[in-house]
Amino acid sequence: AFPMTSGAGTNTATFTGGGWALKTSTPYMAYYPMQGKFYLDKKYISVNYSGQTQAENASTAHLGKYDYMVASATTSSTDASSVNFQFKHLGALVRLKVKMAEASTLMYVTLQTEENDFILSGHIDLTATSPTINSETTSKSFRIDLNNISVEANEDLIVYFLMPPVDLRNKPLNAVILKDNGYYQEIPLTGKRIKIVTTHP
């Protein structure tokens, strides 16, 4: 784990290893977010998209710990003092917008398909030429918890979440929204190809 010295909250950051030195012409890999204090199994970095909880309507504050990213690079043969990483997002950022017919307090949203289209967990092999998420657990549903989010009648519920890329074109897809009174609203959606995120809102 290398502490960040500058760039917090921006697209570019600088880290320092203090007294550590890098080897020349040696490949170095990086990933985010860090797992444990010293997690060094390069071939098995676990990912899990379950448990996402949005605290407020249209909030993206909960996304950071699910925004899995990887990078690989090689130190310069002439300068071993630094290495530049270009991080690649592995997940897709999804924005779900639903106009609520009545004032409601909402508990969760579940996307549902007829097949096990959603990857809930898996792992990353950082040593792969182009690291991706290797699927382990799949499901017909993908749930995003809502922390008792209240919306007024005719107000938009806006939910943000991250998930592995999936092609849902031409597939039946529903969103089920559970309310605190036990009632739910089921909304048919048009399936789309959900691609890897490039930037966040």
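Look a little higher up for the structure.
First, a word on scope: everything that follows refers to the structure included in this document.

Description of the overall build of the protein
In terms of regular secondary structure, the protein is built from 0 helices and 17 strands. Dimensions of the protein along its principal axes, counting C-alpha atoms only, are 65 × 35 × 25 Å. Taking all 201 residues of the protein together, the buried fraction comes to 36%. Within the protein, counting contacts between residues at least 6 apart in sequence, those at least 24 apart form 69% of the total. When the accessible surface of the protein is totalled, it reaches about 11,900 Å², and 49% of it is carbon and sulfur. Separation between the mean location of the 17 positive side-chain charges and that of the 17 negative ones in the protein comes to 7 Å.

Topic: the sheet that holds strand β15 (residues 173–179)
Hydrogen bonds between backbone groups are what pair the strands of a sheet, and the pairing can be parallel or antiparallel. With mixed pairing, 5 strands are arranged side by side in an open sheet as β5-β12-β9-β15-β16. Each edge of the open sheet carries a strand with a single partner, namely β5 (53–54) and β16 (184–189). Relative to β15, strand β9 (residues 104–112) is paired through 6 bridges, and the arrangement is antiparallel. By the bridge assignment, Val-109 is partnered in β15 with Ile-177.

Here's the deal with a nonpolar patch on the surface
On the surface, a cluster of nonpolar side chains totalling about 500 Å² of accessible area is made up of Phe-2, Met-4, Phe-15 and Trp-20. Looking at the element boundaries, Trp-20 is found in the loop between β2 (14–15) and β3 (27–32). We classify Trp-20 as exposed; its relative accessible area is 69%.

Rules used in this analysis
- Residues numbered from 1 in each chain as written.
- Predicted model: local features only at pLDDT ≥ 70, side-chain atom pairs only at ≥ 80, totals over all residues.
- Heavy atoms only, no water.
- Helix = DSSP H or I, 4+ residues; strand = E, 2+ residues; numbered from the N terminus.
- Buried < 20%, exposed > 50% of the residue type's maximum accessible area, 1.4 Å probe, protein only.
- Contact = heavy atoms within 4.5 Å.
- Areas by Shrake-Rupley, 256 points an atom, 1.4 Å probe, with all protein chains shown as cover.
- Lys, Arg positive; Asp, Glu negative; His and termini not counted.
- Charge placed at Lys NZ, Arg CZ, Asp CG, Glu CD.
- Pairing = 2+ DSSP bridges.
- Patch = residues over 30% accessible without salt bridge, like charges linked within 9 Å, V, L, I, M, F, W, Y side chains within 5 Å.
- Salt bridge = Lys/Arg side-chain N within 4 Å of Asp/Glu carboxyl O.

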